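Structure at a glance
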Amino acid sequence: MIKVQGMYKRFGKTTALDALDMEVPRGSIYGLIGPNGAGKTTAMSILATLMLPDGGSAAVDGHDVLSEPMAVRGVIGYMPDFFGVYDGLKTCEYLDFFADAYYVPQSRRKTLIGELLELVNLSDKYDSYVDLLSRGMKQRLALARCLVHDPKVLILDEPASGLDPRARAELKEIIKHLKQLDKTVLISSHILPELGEICDQVGIMEKGRLISSGPVEEITAAGRGASLLRIQVLDKVSGLADFIKPRDNVVSVEQDEGALRVIFRGDPQSRGKLLRDIIEGGWVVTEFAEVRRNLEEAFMAVTGEGVLK
Amino acid sequence: MSVNPVLLKELRQRFRTVKSPLLVSLYLLVIGALVLGFIYLRWRDMPGYYRPDTSREIFIILSMVQLFLVGFVTPGLTAGAISGERERQTLNVLLTTRLTTRGIIVSKMLSSISFMVLLVLATLPLYNIVFLYGGISPSQVLGVFGFYMVTVFLFAAVGVACSTYFKRTGVSTVTSYGIVFILGLGTLLLGGFIYEVLRVPGPGPYQTPLITQFLLDINPVVVMMRILGENGFGPERNIGLPYWAVYILFYVIAGLLLLLWSSSKLNPSRNKGLRFRM
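What you are looking at is a predicted structure, and each value in this text was computed from that prediction instead of being measured. (Residues numbered from 1 in each chain as written. Chains lettered and ligands numbered in written order. Predicted model: local features only at pLDDT ≥ 70, side-chain atom pairs only at ≥ 80, totals over all residues. Heavy atoms only, no water.)

1. Some words on the pairing of strand S6 (residues 76-79) of chain A
Residue and element names in this part refer to chain A. Side chains Ile 76 and Tyr 78 project from S6 onto one buried face, and the interleaved Gly 77 and Met 79 project onto a second face that is buried too. Of the strand pairs in this sheet, S6 and strand S7 (residues 153-157) are connected by 4 bridges, and their pairing is parallel. Residue pairing for S7: Tyr 78 is matched across the bridge by Ile 155. (Buried < 20%, exposed > 50% of the residue type's maximum accessible area, 1.4 Å probe, protein only. Helix = DSSP H or I, 4+ residues; strand = E, 2+ residues; numbered from the N terminus. Pairing = 2+ DSSP bridges.)

Pasting the structure below:
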């Protein structure tokens, strides 16, 4: 549904996108994660036809973003990371305005607006002025706005940003519901555990490149060959951390309630060698196991070399 | 016929608030106070009767005050048209709809112009005072109103273009006022300067340079005085077109070019010839 090939974008001397390749399957919820400045917003802006790439190509539902921007706009609903609303417009007028802007026939609009407000739990705000809504309500209204023309693809840039936990949970439920409506969703967020819950696939971006991509289970399980080890010893935990840190295969070491959480990149032989070295170093090992990671840990493992070490 | 949604929204937003009737009232209050004040002063000096040439003076004062207000209000109305959307962070969302940038620009322009036209038309009853005493023909009044429309068009286009180019409304507003000031006073000063520089000292008639004639033909103050029948205003002309035709052509063409440029500048996909590097 979304296909990006070798996309470049530079802002002066800064490279925002560096030969980005990305593919989002039809009907999936694809989470784009990465540190600030990784290029997520730039990639999304290009896909939303708001920015021109310096090179490469991108297509949404078979429409090239450069040569067919209007066709692309017809199939996407875009929600930017920061957005405002119009003062002096009621919720129903706000949605009616955007429906009109997408050439939705007037005869269909009233019913459509009612349905969309119901979908985002804002039915009781039909006649409220949009500038008086809470931030969470505005986010939900923006999501409804994205859906006025029944787009096939939703591009949501940090939709949960700045929301309280309750509002985030509500938004998460709505996004899950969108999947049932057969929408393809490209979503970026820095709240990784939540992204892990709603996404089918994730892509991890760093320095303008997609360094890892695939189903959430695969990413959290493998993470480009990296694994999360939990090592527990009887005593001298801090000393063990210092002993492990400089080793080649170790990405990061964290102390967690008397145990160590080690992100380790290597084959079973090197893992075995690590265990042997610890034992030979004089530590009494009570636990040495690979643990299942969440998305945040997978993200740290994949981007860890640049970030943590 | 369907109305562009941006125009509909803008009109709805503009005319829904209490600010609009307040601004119309203030506008009428300023113009009305000046005119009625002038009438009072004239009447106080010569009580009991009223001369037609006095009503002509009122007409000129009324028209000049209105021109000044048009130059003052129009850029203020349009200089935030696009930059305001940018500052409110609503522009990106608007640009991802199926509306064309040309449609957005024209709608923004029309909504601002419609309000300005409302302000100008609201002053029509004040012009009745002039008719009451005679001395002015309806064609002159129509000419002045047509002149306002053309002037508002370019001033509004300047505001929209500045608003598209500059990110901040403050910068856009100052630049718009600067350009309007150049049109209102700069052309007059430059025309006079060029006239003096090129003038050959000595007796005998001296033909005003074409550039000076042109600069005076596009100066709103000079053109208004000519419309009002002050034929001695400005030098002899030998441009093939009448002054009002030069004025209309320049203001309409410049306004259209600015609008075209603005819609092109606003379009995020404007570099269609860009070659992709694979």
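So that's the structure; there's more coming.
2. Re the domain arrangement of chain A
How big an interface is tends to be stated in terms of accessible area lost as the parts join. Looking at chain A, the domain boundaries give domain 1 (2-220) and domain 2 (224-307). A separation of 37 Å is found between the C-alpha centroids of domain 1 of chain A and domain 2 of chain A. (Domains from an automatic or database assignment.)

3. What about the interface of chain A and chain B?
Contacts between the two partners involve 38 residues from chain A, matched on the other side by 29 residues from chain B. Surface buried jointly by chain A and chain B totals about 3300 Å² across both partners, of which 61% is contributed by carbon and sulfur atoms. Remark: the boundary between chain A and chain B carries 2 salt bridges. Across the pair Arg 16 of chain B and Glu 93 of chain A runs a salt bridge, and its minimum N-O distance is 2.6 Å. In terms of residues, the side of chain A that touches chain B owes the most to one element, helix H3 (residues 91-101) of chain A, which gives 5 residues. (Contact = heavy atoms within 4.5 Å. Buried area = accessible area lost by both parts, 1.4 Å probe. Salt bridge = Lys/Arg side-chain N within 4 Å of Asp/Glu carboxyl O.)

4. Details of the sheet that holds strand S4 (residues 55-60) of chain A
Note: strands within a sheet are paired through backbone hydrogen bonds, in either parallel or antiparallel orientation. Residue and element names in this part refer to chain A. Across the sheet, which stays open at both edges, the 4 strands sit in the order S2-S1-S4-S5 with antiparallel pairing between neighbours. Of all the strands in the sheet, just strand S2 (14-24) and strand S5 (63-64) have a single pairing partner and so form its edges. Where S4 and S5 come together, 2 bridges link them in antiparallel fashion. When the sheet's bridge partners are listed, Ala 59 is paired in S5 with Asp 64.

5. Some details on empty space enclosed by the protein
Residue and element names in this part refer to chain A. For the coordinates displayed, the defined rule picks out 4 cavities of 30 Å³ or more. Here the largest cavity defines a volume of roughly 90 Å³. If you trace the largest cavity, you find 12 residues lining it, with Ala 160, Ile 175, Ile 187, Glu 194 and Ile 198 closest to the centre. Sorting the residues of the lining of the largest cavity by element identifies helix H6 (165-180) and helix H7 (192-198) as the ones contributing at least two each. Element by element, the count of residues in the lining of the largest cavity is highest for H6, at 4 residues. Looking at the lining of the largest cavity, its residues break down into 8 nonpolar, 1 polar and 3 charged. Its boundaries defined by the atoms lining it, the second largest cavity holds a volume of some 50 Å³. (1 Å grid on protein atoms, 1.4 Å probe; cavity = no way out; pocket = protein on both sides within 12 Å on 5 of 7 lines; lining within 4 Å. Points joined across faces, edges and corners; volume = space filled by probe spheres on them. Nonpolar A, V, L, I, M, F, W, Y, C, P; charged D, E, K, R; others polar.)

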